[in-house]
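One-letter residues, chain by chain:
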Amino acid sequence: MSRFEALFEDEDDIFRGSPQSKYWDIANQVSEDLYRYDFDEIMTKIAVMEKMLMQHHDEEELDRIIDTYAIMNQSEIEEHKKSLYMEYAGRLIYKLSD
C-alpha cells in the first residue's frame, strides 16, 4: 500500500475529487514563484532519475522500457501517481506556511 493510498480508496467521499484535481486546485492557489520553484524541483528529480538510468540504457531504449513498464503495470502506476499528486500537493501546502 502506498503512503497515501488509504486516503483515496473512495476519492469522492474524502476529497470531492481525485488527487490530481486536488493538486491542481492547490497549485492554482499558490503564487507563481512558489509553483515555478516546486515544478523546478520536480524536473530536477526527473532529470536525476533519467541520468541515473541512462548510465545503463541509451535514451531510446529507456523510453521503450518505460513505455512497456507503464503498460504492463498500469494499475500500480496509477496508484503511485495518486500518491505523488498527494505528496506534491502537501509540499505546496507546507511551503505556503513557511
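Coordinates for the structure precede this section.
Residues numbered from 1 in each chain as written. Predicted model: local features only at pLDDT ≥ 70, side-chain atom pairs only at ≥ 80, totals over all residues. Heavy atoms only, no water.

## Describing the packing of helix α3 (residues 32-54) against helix α5 (residues 74-97)
When two helices pack together, their arrangement is captured by the angle between the axes and the distance separating the axes. Definition in use: Axes, fitted as lines to C-alpha atoms, cover a helix only where it is in contact. Angles between the N-to-C directions of the axes lie from 0 to 180 degrees. Only runs of H or I of at least four residues qualify as helices and only runs of E of at least two qualify as strands under DSSP, and these elements are numbered from the N terminus. Note on angle classes: values under 35 degrees are labelled roughly parallel, values over 145 roughly antiparallel, values of 65 to 115 roughly perpendicular, and the remainder oblique. Crossing chirality is assigned from the near helix's rotation relative to the far helix, an anticlockwise turn below a right angle marking it left-handed and a clockwise turn marking it right-handed. Whether two residues touch is decided by their heavy atoms; if any such pair falls within 4.5 Å, the residues are in contact. All residues other than Ala, Val, Leu, Ile, Met, Phe, Trp, Tyr, Cys, Pro, Asp, Glu, Lys and Arg, Gly among them, are scored as polar; the first ten of these are nonpolar and the last four charged.
Contact geometry of α3 with α5 gives a least axis separation of 11 Å together with a crossing angle of 140°. For the element pair α3 / α5, the angle class is oblique. The hand of the α3/α5 crossing is right-handed. Contact with α3, carried on its side by Leu34, Tyr37, Asp38, Glu41, Ile42 and Lys45, involves Tyr88, Arg91, Leu92, Lys95 and Leu96 of α5 and no other residues of that element. A per-class count over the contact of α3 with α5 returns six nonpolar, no polar and five charged.

## Looking at the packing of aromatic side chains
The condition that has to hold: Whether two aromatic rings pair depends on their centres lying within 6.5 Å, for rings of Phe, Tyr and Trp, where Trp uses its six-membered ring; planes under 30 degrees apart make the pair stacked, over 60 edge-to-face, and the rest tilted.
Going through the model one piece at a time under the given rule, you end up with four aromatic pairs. Consider the rings of tyrosine 23 and tryptophan 24, whose centres lie 5.0 Å apart with planes at 85°: the pair is edge-to-face. Taken together, Tyr23, Trp24, Tyr35, Phe39 and Tyr85 form an aromatic cluster joined through their ring pairs.

## Digging into a negative patch on the surface
Test applied: For patch building, the residue pool is restricted to those with more than 30% relative accessible area and no salt bridge; the joining distance is 9 Å between like charges and 5 Å between nonpolar side chains (Val, Leu, Ile, Met, Phe, Trp, Tyr). Values of accessible area rely on a 1.4 Å probe in the Shrake-Rupley scheme; residue burial ignores everything except the protein chains shown. Here a salt bridge means any side-chain nitrogen of Lys or Arg lying within 4 Å of a carboxyl oxygen belonging to Asp or Glu. Charge counting follows a simple rule: Lys and Arg are positive, Asp and Glu are negative, and His as well as the terminal groups are ignored. Taken as the charge centre is NZ of Lys, CZ of Arg, CG of Asp or CD of Glu, depending on the residue. Exposure categories follow from relative accessible area, calculated using a 1.4 Å probe and restricted to protein chains: below 20% of the type maximum is buried, above 50% is exposed, and the middle band is partly exposed.
Taken together, the side chains of Glu50, Asp58, Glu59, Asp63 and Asp67 present a region of like negative charge at the surface. By residue number, the principal contributor to the negative patch is helix α4 (residues 59-72), which donates three residues. By the secondary structure assignment, aspartate 63 is in helix α4. The partly exposed category is assigned to aspartate 63, whose relative accessible area is 39%.

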